[in-house]
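Okay, here's what each chain looks like letter by letter:
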Amino acid sequence: MTGDPRFFVVQDFSTESGVVLPEARLAYRTFGSPDAARGAVLVPSHFMAGSADNDFPIGEGLALDPAEWFVIATDLLGNGVSSSPSTTPPPFDGPRFPVTTIRDTVALIRRLLTEELGVDHLAAVVGFSMGAQQAFQLAVSAPGFVDRVVALAGTARCYPHGVARLEGQLAALFADPTFAGGEYAQQPVAGIQAFGTVWAAWLYSQQWWRDELWREADPEATFESTMAEFRDDFLPGADANDVVLHCRTWQQHDVGTTPGFDGDTAAALASIDVPVLVMPGETDLYFPVGDARLEARSIPNVTFLPIPSLWGHPAGAGASPADAAFVNHAVRRFLANEPIPEAEDLTTR
């Protein structure tokens, strides 16, 4: 997806932390016509990604064909394009930027849709990873606003193991003295490289590494070149404070902390009264299939379809050609209200 994003700007935006940002900017792109026959679909972005990076389900012949749908792709706060530590002037620049929540971004998205785009109802929301967090949150925060929810390789809460994993990755970044508590004069390159190196072991499955599946993308690739790419180019051009913010946003997310649910994740999920397609990666180490299955049991109208892949977390974003075909086929059928016979029977697990 090419072209520059557009920006929706809100003055004096109150975040859940209590900090009021003088200006909050939400980046977005649209595809197709607002008058598309099948309605509007939201595709929110994931960790340190943007509206241009969610192209795996959008395009001719894919699940979200702009000839049929009006697709709105949005950038999560803190990604370096929407309002972020790196893009915000004093007094909220760098480490002084508030820890924004998934609900903060969802609140901005709702205002973008209704106030700027004139969209007062969505046919669906389709989110991968932290985009799935936003998809669940939108369904909980705005009952009746969306007809169908698709959560790809993501859960409605970050559980303690996920918090611990992210702490380990952040510790690698913080160990670089250049980071200086976020008050760096230049990017802490060694810390960002260490962050990417730690990330590598979690991104794909153990068998992906054992079977050397990095060769599928590049037959000449080696273990050493794969690790070097994670170290040197995992987050090209990323700002360290933005990376920290996205980790903190991820760690603290829980739909159960939505006002009215008193921290009860299951009750929040049970409040979703529209069809939900939950598609975890069978080998995902970030959002394990067991966590997704546990949550799915609380959703009244759920279709639970694990992605049979060795590609770990990225399977939810169509990392391999087989993953992309599986995800697009399932999402297309779900949005058309067609049966998905290979979905798991949760009553037997």
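It should be noted that the structure appears before, not after, this text.
Note that the structure is predicted; figures quoted are calculated from it, not measured.

Rules and cut-offs
Residues numbered from 1 in each chain as written. Predicted model: local features only at pLDDT ≥ 70, side-chain atom pairs only at ≥ 80, totals over all residues. Heavy atoms only, no water. Helix = DSSP H or I, 4+ residues; strand = E, 2+ residues; numbered from the N terminus. Rg over C-alpha atoms; globule rule 2.2 N^0.38 Å. Buried < 20%, exposed > 50% of the residue type's maximum accessible area, 1.4 Å probe, protein only. Contact = heavy atoms within 4.5 Å. Areas by Shrake-Rupley, 256 points an atom, 1.4 Å probe, with all protein chains shown as cover. Lys, Arg positive; Asp, Glu negative; His and termini not counted. Charge placed at Lys NZ, Arg CZ, Asp CG, Glu CD. Expected span 1.5 Å × (residues − 1). Polar contact = N/O pair within 3.5 Å; in protein donor to acceptor, adjacent residues only side chain to side chain. Salt bridge = Lys/Arg side-chain N within 4 Å of Asp/Glu carboxyl O. Arc of directions from axis to C-beta. 1 Å grid on protein atoms, 1.4 Å probe; cavity = no way out; pocket = protein on both sides within 12 Å on 5 of 7 lines; lining within 4 Å. Points joined across faces, edges and corners; volume = space filled by probe spheres on them. Nonpolar A, V, L, I, M, F, W, Y, C, P; charged D, E, K, R; others polar.

Participant: Go over the overall build of the protein with me, naming the residues and quoting the values.
Facilitator: Scanning the protein for helices and strands turns up ten helices and eight strands. The C-alpha radius of gyration computed for the protein amounts to 19 Å, which stays within 12% of the reference 20 Å derived for 349 residues, consistent with globular compactness. In terms of overall dimensions, the protein has C-alpha extents of about 55 × 50 × 40 Å along its principal axes. Taken over 349 residues, the protein has a buried fraction of 55%. In the protein, of all internal contacts separated by at least 6 residues, the share reaching a separation of at least 24 is 73%. When the accessible surface of the protein is summed, it comes to about 14,000 Å², and 53% of that surface belongs to carbon and sulfur atoms. Mean positive and mean negative side-chain charge positions of the protein (20 and 44 charges, respectively) differ by 4 Å.

Participant: So what's going on with helix 7 (residues 240–251)? Which residues, and what values?
Facilitator: Taking 1.5 Å as the rise per residue, helix 7 with twelve residues should run 16 Å; its terminal C-alpha atoms sit 17 Å apart, in good agreement. By the criterion of burial, helix 7 is predominantly enclosed, with eleven of the twelve residues buried. Taken together, the buried positions of helix 7 are occupied by Ala-240, Asn-241, Asp-242, Val-243, Val-244, Leu-245, His-246, Cys-247, Thr-249, Trp-250 and Gln-251. Tucked into the core, helix 7 has its buried residues touching helix 1 (102–116), helix 2 (130–141), helix 3 (160–174) and helix 4 (189–203). You can read the cap of helix 7 off the contacts: a side-chain oxygen lies 3.0 Å from the backbone nitrogen of Asn-241, and it is on Asp-239.

Participant: An account of the pattern of salt bridges is requested, with residue identities and associated values reported.
Facilitator: Applying the stated criterion across every chain yields a total of eleven salt bridges. Put simply, Arg-231 and Asp-232 hold a salt bridge, and the shortest N to O gap is 2.8 Å. You can call Asp-232 partly exposed: its relative accessible area is 45%. For Arg-293, the salt bridge is made with Glu-344, and the minimal N-O distance between the two is 2.6 Å. Here Arg-293, found in helix 9 (residues 289–296), pairs with Glu-344, found in the segment after helix 10 (321–335); they are 51 residues apart in sequence, far enough to count as distant. Here the salt bridges do not stand alone but share partners, grouping Asp-93, Arg-96 and Glu-183 into one network.

Participant: Pulling in residues and values, what's your account of helix 6 (residues 223–233)?
Facilitator: Listed in full, the buried residues belonging to helix 6 are Thr-226, Met-227 and Phe-230. Considered in projection along helix 6, the buried side chains sweep an arc of 95 degrees and stay on one side of the axis. Seen from the open side of helix 6, the exposed residues pointing more than 90 degrees away from its buried face are Glu-224 and Glu-229. Where helix 6 is buried, its residues contact helix 4 and helix 5 (206–210).

Participant: Pulling in residues and values, what's your account of empty space enclosed by the protein?
Facilitator: Per the stated rule, a full pass over the model turns up two cavities of 30 Å³ or more. Looking at the largest cavity, its volume works out to about 40 Å³. What lines the largest cavity is Ala-139, Ala-142, Pro-143, Gly-144, Phe-145, Val-146, Ser-271, Ile-272, Asp-273 and Val-274. When grouped by side-chain class, the residues that make up the lining of the largest cavity number seven nonpolar, two polar and one charged. Reported here for the second largest cavity is a volume of approximately 30 Å³. Surrounding the second largest cavity, Leu-42, Val-106, Ile-109, Gln-134 and Leu-138 form its lining. Counting residues per element, the ones that place at least two in the lining of the second largest cavity are helix 1 and helix 2. Looking at side-chain class alone, the lining of the second largest cavity contains four nonpolar, one polar and no charged residues.

Note that every value here comes from positions in space, so none of it alone points to a role or purpose.
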